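Observations on the model geometry
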Amino acid sequence: MSLKDTVIKLVEDLIRDTDYYIVEIAVSDSKIRRKVSIFLDSDAGITIDQCTEVSRKLGLQLEEVIDEAFTLEVSSPGADSPLKFERQYVKNIGRSLKILKVDGSEIKGKLVSVENGSITIETEAKKKVKSETVALSLDEIKEAKVIISFK
């Protein structure tokens, strides 16, 4: 079993009785100092204290598995991280998204709804183009990011 597979199993065991879910796990193969990065979320969001708790427990377990020095990072995905799971879209209903479709086209608009593997976006109105409602299957989306607004 690879180190990444071991880390995934350990994290899944740690968060089994919580509402947290794994967004991403990355393990560097550096010979100098390994880095294990865990990105967790929940439908209600995840706090620094919750990440710290997982980090402490996981760190103790990883010391038994990794012989050399390593860095452990447990955090939530950043505000500029792409949405990967349907449940991440649900918690961002009402926010503006920038979507890159698999075909290379791009859509910007407000996320209106999420249902059964599809989302509905109300596109931004432009000078001579009215806004429109577009339904997309999650399979059509290569990358979707929340547009951060400081208005």
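Bear in mind that the values here come from a model prediction, so they are computed numbers and not experimental data.

With respect to the overall build of the chain
- When you go through the chain residue by residue, the secondary structure sums to 3 helices and 8 strands.
- Relative to the globule expectation of 15 Å for 151 residues, the C-alpha radius of gyration of the chain, 19 Å, shows a markedly less compact shape.
- In terms of overall dimensions, the chain has a C-alpha envelope of 60 × 30 × 30 Å along the principal axes.
- In the chain, once contacts between residues fewer than 6 apart in sequence are set aside, the share between residues at least 24 apart is 50%.
- In the form shown here, the chain has an accessible surface area of approximately 9800 Å², with 48% of it arising from carbon and sulfur atoms.
- Here the chain contributes 24 positive and 27 negative side-chain charges, whose respective centroids are spaced 8 Å apart.

As for the side chain of Q88
- Turning to its location among the elements, Q88 is positioned in helix 3 (residues 86-90).
- Assessed through its relative accessible area of 3%, Q88 is described here as buried.
- For Q88, the contacting residues outside a window of four places in its chain are Y21, V23, D41, P77 and L83.

Comments concerning the nonpolar core
- If you look at the biggest cluster of nonpolar residues, it comprises 19 residues, and the most contacted ones within it are V7, V11, V36, I38, L40 and L62.
- Elements represented by at least two residues in this core include exactly helix 1 (3-15), strand 1 (20-27), strand 2 (34-42), helix 2 (48-65) and strand 3 (70-75).
- The biggest single contributor to this core is helix 1, with 5 residues.
- The residues contacting V36, other than those within four sequence positions of it, are V7, A26, V27, L62, I66, T71, L72 and E73.
- Counting 14 residues, the second-largest nonpolar core is a separate cluster that includes L83, Y89, L111 and A144.

A closer look at the sheet that holds strand 6 (residues 118-123)
- Taken in spatial order, the 5 strands line up as 7-6-5-4-8 in an open sheet, and their pairing is antiparallel. Looking at strand neighbours, the two that pair on one side only are strand 7 (133-137) and strand 8 (141-146), the edges of this open sheet. Strand-to-strand twist in this sheet, taken as the mean axis angle between neighbours without regard to direction, amounts to 40°.
- The pairing of strand 6 with strand 7 spans 5 bridges and is antiparallel. Considered in strand 7, the bridge of T120 is made with A135.

Conventions adopted
Residues numbered from 1 in each chain as written. Predicted model: local features only at pLDDT ≥ 70, side-chain atom pairs only at ≥ 80, totals over all residues. Heavy atoms only, no water. Helix = DSSP H or I, 4+ residues; strand = E, 2+ residues; numbered from the N terminus. Rg over C-alpha atoms; globule rule 2.2 N^0.38 Å. Contact = heavy atoms within 4.5 Å. Areas by Shrake-Rupley, 256 points an atom, 1.4 Å probe, with all protein chains shown as cover. Lys, Arg positive; Asp, Glu negative; His and termini not counted. Charge placed at Lys NZ, Arg CZ, Asp CG, Glu CD. Buried < 20%, exposed > 50% of the residue type's maximum accessible area, 1.4 Å probe, protein only. Core = buried A, V, L, I, M, F, W, Y, C linked by side-chain atoms within 4.5 Å. Pairing = 2+ DSSP bridges. Axes fitted to C-alpha atoms, helices over the stretch in contact; angles between N-to-C directions.

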